[in-house]
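Coordinate inspection notes
As a plain string of letters, each chain reads:
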Amino acid sequence: MIVGTVEGDLHDIGKNLVALMFRSAGFKVIDLGVDISEKQFLKAVRENPDVQIVCISSLLSTALPEMEQVVKVLRRNDPEKKYKIMVGGGAVTKQLAEDMGADAYTENCVEAAEVAKTFII
């Protein structure tokens, strides 16, 4: 799985907790870090064709348009839906996640790991 905080947001505590929880659940995690652009997310997906989950984080409401753009770009470049997109962070709500077209939104890292397990084939 790939995790990262969107461009325009430098917060990483939540992303780091999610990555830690995923690793504890047995997932291989590629952590892109913070301030990650749509191009960087897309490059990471292309360089890791076996990835099954992409997790996008944002604490800041000002970065939500970038999160939405990342989801759209990933969707456009994955017509076969090889991977699921999960979003989360302080600025995100379930409704926003649905409106963006994400596959999942969770409020905490434990729930994120549980939902991610349901996506693995």
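The notes below deal with the structure included here. (Residues numbered from 1 in each chain as written. Predicted model: local features only at pLDDT ≥ 70, side-chain atom pairs only at ≥ 80, totals over all residues. Heavy atoms only, no water.)

With respect to the packing of helix 1 (residues 13–24) against helix 5 (residues 109–119)
To be explicit about the condition: Simply put, an axis is a line fit to the C-alpha atoms, just over the touching stretch for a helix, and the angle between two N-to-C directions goes from 0 to 180 degrees. Note on conventions: DSSP H or I runs of at least 4 residues are helices, E runs of at least 2 residues are strands, and numbering of each starts at the N terminus. An angle below 35 degrees is treated as roughly parallel, one above 145 as roughly antiparallel, one from 65 to 115 as roughly perpendicular, and anything else as oblique. We call a crossing left-handed when the near helix sits turned anticlockwise from the far one by less than a right angle, and right-handed when that turn is clockwise. Any two residues having at least one pair of non-hydrogen atoms within 4.5 Å are treated as being in contact. The classification used treats Ala, Val, Leu, Ile, Met, Phe, Trp, Tyr, Cys and Pro as nonpolar, Asp, Glu, Lys and Arg as charged, and all other residues, Gly among them, as polar.
Direction vectors running N to C along helix 1 and helix 5 enclose 45°, while the axes themselves pass 9 Å from each other. By the angle class used here, helix 1 and helix 5 are oblique. Between helix 1 and helix 5 lies a crossing of right-handed hand. Residue-level contacts link Leu17, Val18, Met21 and Phe22 of helix 1 to Cys109, Val110, Ala112, Ala113 and Ala116 of helix 5. Partitioned by chemical class, the residues of the contact of helix 1 with helix 5 number nine nonpolar, no polar and no charged.

Some remarks on the layout of surface pockets
Test applied: A 1.4 Å probe that fits but cannot get out identifies a cavity on a 1 Å grid over protein atoms alone, an open set with protein on both sides within 12 Å along at least five of seven lines counts as a pocket, and a residue lines either if it has an atom within 4 Å of a point. Grid points are joined across faces, edges and corners, and a volume is the space filled by probe spheres set on the points.
In this model, the largest pocket occupies a volume close to 410 Å³. Taken together, 26 residues make up the lining of the largest pocket; nearest its centre are Gly14, Val18, Ser57, Gly88 and Gly89. Of all the elements in the fold, those that place two or more residues in the lining of the largest pocket are strand 1 (2–5), helix 1, strand 3 (53–57), strand 4 (84–88) and helix 5. A total of six residues in the lining of the largest pocket trace back to one element, the largest contributor, which is helix 1. Looking at the lining of the largest pocket residue by residue, the classes come out as 13 nonpolar, ten polar and three charged. Forming the boundary of the second largest pocket are Met1, Phe27, Lys28, Ile30, Asn48, Pro49, Asp50, Val51, Gln52, Ile53 and Ile120. Along the lines of polarity and charge, the residues of the lining of the second largest pocket split into seven nonpolar, two polar and two charged.

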